[in-house]
Amino acid sequence: MAYYGKCTETVIKLLDQFKPEKDSPEQFLEAAATSLQTLSPQEQAFIMEVLSGCLEYRKPLTVVVDAFCVRDGRLCLWADYSLFEVICYLATFQLEELGFQLFCSIVKSQPIHKVCKFLGFLFNPLNLGSWIKDEWSLIYETTHVKEHWIDPLMRWQPEVQELINQLQGASTNRPPLPKTKAKVTEPKEFNLTAPRPRAVPVPEPVPVVAKTRPVPWSTYRPPREQRLLEMTKRYNRRKAEELLLRASVEETRRAGPGCRGEPAVEDSEKKLRLRFPPRILTAPKLTFYRPNDDSPVKLNTAAILREGALYQRQVERELQRVDKLMDGAGDLSEFLRWQTKVQAKVREEQLAAGECRRLQGKLSHEEAVLARQQVVQEKKRKANQKKEETAELMQQCAERRLQEEKSTKELVEQVMETQKNVKVAQTKLLKGRRRIVQEVMEESRELLQRSAEAAREEQRRRCELISQLRALETQPTRKGKLVDLTQIPGYGLEGEMSVVELRERLALLKETQRCKEEEKRDQIIQGKRAKSRALQNTVEQISLCRAAMGRSAALRWEEKKAQSAAAGAPSRDERVLELQRRIREKAAERRRQEPLLHVPAPRAARPKQQAQLEAQRRLELEQSRERRLRALQRGGSARGPARCLGAV
């Protein structure tokens, strides 16, 4: 009966070689049968029957083995997958034919701990009655699964459970191997040749390094071209400011109340022509550089047209304004003075509001410090209370642990007494099972011989069918026919032609289409040239308008600088005084609570640091004022570029 274990190992090796993606089951069985010619007929029949059954019922076997690998067999190796498939096939489909005694001998010939774990998973009543039955019912009919597979497994479940307990007990009661005294390795000294004394190396000559040239002074000086560009930039700036001041003075003279009427306008125009000769048209050559970027701005077509239309509308509005002045319209000087006063008042209110916000932030900081100190005191009180509670809990846990140790000792004594009675019953059961196994093995030997003969007959019939199919596949077949491209098919359709004529007509059609594309391309190029000329004229006009806007911006900048220098400190109102008083009270309260918390007060800042902080605050305040003035005057300065354009 020992050959069943070897046969099972042979089946496991063959299953490991089977690849369902590449091999077909019939061809694989043929190859396996040829490789087993050296074995006895009884062994060949058993191996072929188990191998063909595992391949035929591969789907239900895979369901059970995959679930075992995921749940109970997570620590098992992937190389044991075929072993679990064979055990599952024998237990499910061959247990009735083999007999329980032969099945036990096959199980004992394999690794005991792995087989016991898998049999316990397979013969678990909960698994058989729930998910295994449902999964197999998806592949085969439910009645067939229940009657022929699930019910026999449930009947054999008590005997298999006893076998599992017996194997686990045998593995635990196995005597340990005798310890042999290991031979101690005795080290021996190496027989090494004494090294020769090292020769003193000859010193290498020190290389003479050539004297390096000093770094030229031009490396640390800016280049001459950059200095020339800076000079040109300052000169252009100064020249643009002078031209802007002259244009603004002449404009105010021409728009005055004593200069109404056509003769006065003509005289002012003559003066302007004398003061501003035609060389003013060269203003687009002046380049106003930005502080952080020296590269010019490149505009696209839409931006150029949009900016040109904007400047054209500004010029039209300025011309309308000049016509109204010539007709006797009034001046806006009174309104501008009133507007300046209102803006100054608004600026003072904004500065006072900013000071209030700063003081409110400082007050909220003092309140936050007080709240933090109160939170620290509350946390200290809660920590002391928590320590007392933990001490009581630790004492209770120690008492409970002592009681649990006593109960476990009593339980261990009871288990030891029950194990002594179980061993006597197991010896009686083993004697009865051995007698039954011998009877079953004789019956199974006859059944295996019959199944081997039937398998050989089935194999011979399959080989004959395969040879007939291959002979049919080798018969020759007729290939395609020749085609004449100059011949008309003759289907009787309108406009029917040959392939050669069709190609000639397609070539003529491509030539006409190419001529049309050339004409259209010429038209597009002419349109682009006309559009580029119009854009060039617009760019020249935009450059003139930008020069005028630069001059007006320089004048506005001088005015803002004068206004920012004349602006004083914000007035102190009642809100600011009230906030300062509240801050002093909160700071005094915080100082009173600091000794209670044992927290050292922050050191006073040095006078030098305080002076630096005050200087930095004044600088930030001046910058914020300049930004507010620039934002308030931006709305009123929109008419400046239009006036400059009118003067040009």
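Refer to the structure printed above.
Described below are features of the structure shown in this document.

Calculation criteria
Residues numbered from 1 in each chain as written. Predicted model: local features only at pLDDT ≥ 70, side-chain atom pairs only at ≥ 80, totals over all residues. Heavy atoms only, no water. Helix = DSSP H or I, 4+ residues; strand = E, 2+ residues; numbered from the N terminus. Buried < 20%, exposed > 50% of the residue type's maximum accessible area, 1.4 Å probe, protein only. Contact = heavy atoms within 4.5 Å. Areas by Shrake-Rupley, 256 points an atom, 1.4 Å probe, with all protein chains shown as cover. Polar contact = N/O pair within 3.5 Å; in protein donor to acceptor, adjacent residues only side chain to side chain. Salt bridge = Lys/Arg side-chain N within 4 Å of Asp/Glu carboxyl O. Phe/Tyr/Trp six-rings, centres within 6.5 Å; stacked < 30°, edge-to-face > 60°.

Overview of the overall build of the protein
Okay, step 1: Regarding its fold elements, the protein presents 18 helices and zero strands.
Okay, step 2: Split into buried and exposed, the 648 residues of the protein put 24% on the buried side.
Okay, step 3: Sequence-distant contacts in the protein: of pairs separated by 6 or more residues, those separated by 24 or more amount to 79%.
Okay, step 4: A total of about 50100 Å² of accessible surface is found on the protein, and carbon and sulfur atoms cover 55% of it.

What to know about the side chain of Ser 82
Okay, step 1: Here Ser 82 is to be found in helix H5 (residues 81–93).
Okay, step 2: Residue Ser 82 is classed as buried on the basis of its relative accessible area, which comes to 6%.
Okay, step 3: Polar side-chain contacts of Ser 82 include one of 2.3 Å to the side chain of Asp 16.
Okay, step 4: In contact with Ser 82, not counting residues within four places along its chain, are Ile 12, Leu 15 and Asp 16.

Quick notes on the pattern of salt bridges
Okay, step 1: Within this structure, the stated rule accounts for 18 salt bridges.
Okay, step 2: Residues Glu 367 and Arg 582 are paired through a salt bridge, measuring 4.0 Å at the closest nitrogen-oxygen approach. Here Glu 367, found in helix H14 (residues 333–473), pairs with Arg 582, found in helix H16 (residues 574–597); they are 215 residues apart in sequence, far enough to count as distant.
Okay, step 3: Salt bridges sharing common partners tie together Glu 457, Arg 460 and Glu 464.

With respect to the packing of aromatic side chains
Okay, step 1: The full count for this structure, using the stated rule, is 15 aromatic pairs.
Okay, step 2: Between Tyr 57 and Tyr 140, the ring centres sit 6.4 Å apart and the planes meet at 50°, which makes this aromatic pair tilted. Linking Tyr 57 in the loop between helix H3 (41–56) and helix H4 (58–70) with Tyr 140 in the loop between helix H9 (125–139) and helix H10 (142–172), this pair joins segments that are 83 residues apart in sequence.
Okay, step 3: A residue is classified by how much of its surface remains accessible, and Tyr 140, at 28% relative accessible area, is partly exposed.

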